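# Structural description and commentary
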Amino acid sequence: MPVEVPSRSAKPREQGLTHVLDSGLSVAQVDGLVEVAGDYVDIVKLGWGTALATGNLEAKLARYAHHGIAVVLGGTLTEVAIRQDRVDRLAGWLRELGISHVEISDGAITLELDRKLELIRQFAAEGFVVLSEVGSKDNERIMAPYRWVEQITAELEAGSWKVIAEARESGTAGLFRPDGEVRMGLVDEIAHAVDVGKVLFEAPQKDQQVWFLRRFGPECNIGNVAPGDVLGLETLRLGLRADTIGISDA
């Protein structure tokens, strides 16, 4: 290699995860993503409830499986199932599809923490890899940093593999202010109390990704990455872009 770059863990990774948002890719686009940046894609989320509306679900799942990429359905779909008291049906459908990961969130519904923890324990006990999510999609629902810490800690203890820190696909909620600015005090409080290797920070915008990589280094877990931004994110991780030259010193 002509230059030195930070060391990166290899797949399957526990740290330095890149979590990609698929909001409607075709099978050909999945193959194109893998051709260009497959080594850097760890988890793909089929956003919102798109899994129920897309015309290529089974074919696309087969392609992701062929390429060794884990798939999780959007947390909004789980929230609908919770609201309709159809969680067991959702779990059965995931098994039929061969999906081993599940997202449990409450960003769009009101869900008591005890019930959320019960669901995390239930899915984990049934062999699912659980990604739970903390934070609201509604900017009017501001949660104090200590509550973020309490919930993240409780959800990890209940069996979540990683806890997703909410930002929406736009990067304008949860961790961020409506203009996309990082809520630095919130992130600092989370980092002070929780192992950040257990947190997946949603950061869809490049400037947001740069901030987290500078703050936590190239092995920071980054989520809600657009398919076309995966290669760019990896160059940020490796210090091969002006924004993060010298990141190995982070």
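The rules we used
- Every chain begins its residue count from 1, and numbering advances along the sequence as written.
- pLDDT decides what is reported in this predicted model: residues at 70 or higher carry local features, side-chain atom pairs at 80 or more are listed and counted, and totals for whole chains, interfaces and linings draw on all residues regardless.
- As a rule here, side-chain values cover all heavy atoms of the structure and leave hydrogens and water aside.
- For two strands to pair, DSSP has to find at least two bridges joining them.
- Only DSSP runs of H or I with at least four residues qualify as helices, and only runs of E with at least two residues qualify as strands; both kinds are numbered from the N terminus onward.
- With axes taken as lines fitted to C-alpha atoms, and helix axes fitted only over the stretch in contact, angles between N-to-C directions fall between 0 and 180 degrees.
- In the analysis that follows, any N or O atom pair within 3.5 Å is treated as a polar contact, provided that within protein one partner can donate a hydrogen and the other can accept it, and provided that, for residues neighboring in sequence, both atoms belong to side chains.
- Two residues qualify as a contact provided that any one of their heavy atoms is within 4.5 Å of a heavy atom in the partner residue.

### A short note on the sheet that holds strand E6 (residues 162-165)
- Strand order across the open sheet formed by 8 strands is E3-E2-E1-E8-E7-E6-E5-E4, with parallel pairing between neighbours. Every other strand in the sheet has two partners, leaving strand E3 (70-73) and strand E4 (101-104) as the edge strands with one partner each. With strand direction ignored, the average angle separating the axes of adjacent strands in the sheet is 25°.
- With 3 bridges connecting them, E6 and strand E7 (residues 199-202) associate as parallel partners. Opposite Val 163, over in E7, you have Val 199 as the bridge partner.

### Looking at the side chain of Arg 8
- Mapped onto the elements of the fold, Arg 8 is located in the segment before strand E1 (18-22).
- A distance of 2.5 Å separates a polar atom in the side chain of Arg 8 from a polar atom in the side chain of Glu 219.
- Only 3.0 Å separates the side chain of Arg 8 from the side chain of Glu 234, close enough to count as a polar contact.
- Apart from residues lying up to four places away in sequence, Arg 8 is in contact with Arg 13, Gln 15, Gly 16, Pro 218, Glu 219, Glu 234, Arg 237 and Leu 238.

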